[in-house]
Amino acid sequence: QVQLVESGGGLVQAGGSLRLSCAASGRTFSRYGMGWFRQAPGKEREFVSAISWSGGSTYYADSVKGRFTISRDNAKNTVYLQMNSLKPEDTAVYYCAVGYSSGWPKQQRAYDYWGQGTQVTVSS
């Protein structure tokens, strides 16, 4: 059974940093794109960042560009999201996802597997 487990969330002050990890198990995802989405209270889930299977292409939402960095380690079936200069508006549950269907990288329908999410709270 495919499983994605996020970790690294928590409470941080504005301007601080967090590094999220997402470990995939159950199959090899080295040929799949991996992405991060987030959902703030009362809002729809939105795209944050994605990375191609080779790691050669990365994508970011305008709101996080220059502050967040996505990376992956295919040997460990793990994707990371380094978040710097965090803002209160980054507060959300962050989800990792795996997939490479039509609509990738920004459409949620392109992703086949999703994690349970990890809470990130940025205090002002």
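Novice: How should I be thinking about the pairing of strand β4 (residues 33-39) in this particular structure?
Specialist: Buried residues dominate β4, accounting for six of its seven residues. As defined by bridge partners, β4 adjoins strand β9 (residues 92-99) across seven bridges and the pair is classed as antiparallel. The residue bridging Gly33 from the neighbouring strand is Gly99, located in β9. Note that β4 and strand β5 (residues 46-51) share five bridges and pair antiparallel. The residue bridging Gly35 from the neighbouring strand is Ala50, located in β5.

Novice: What is the right way to read unusual backbone geometry from this model?
Specialist: Glycine aside, a negative phi is what most residues show, and trans is what most peptide bonds show. With an omega dihedral of 15 degrees, the bond running from Trp104 to Pro105 counts as a cis peptide bond. Looking at the secondary structure, you find Pro105 in the loop between β9 and β10 (113-114). Unusually for a residue other than glycine, Asn77 sits at a positive phi of about 55 degrees. Under the relative-accessibility criterion, Asn77 is labelled buried at 14%. The phi dihedral of Ser85 is positive, around 50 degrees, even though this residue is not glycine. Structurally, Ser85 can be placed in the loop between β8 (78-83) and β9. The class for Ser85 is partly exposed, based on a relative accessible area of 42%.

Conventions used here
Residues numbered from 1 in each chain as written. Predicted model: local features only at pLDDT ≥ 70, side-chain atom pairs only at ≥ 80, totals over all residues. Heavy atoms only, no water. Buried < 20%, exposed > 50% of the residue type's maximum accessible area, 1.4 Å probe, protein only. Helix = DSSP H or I, 4+ residues; strand = E, 2+ residues; numbered from the N terminus. Pairing = 2+ DSSP bridges.

Bear in mind that shape data such as this cannot, by itself, settle questions of function.
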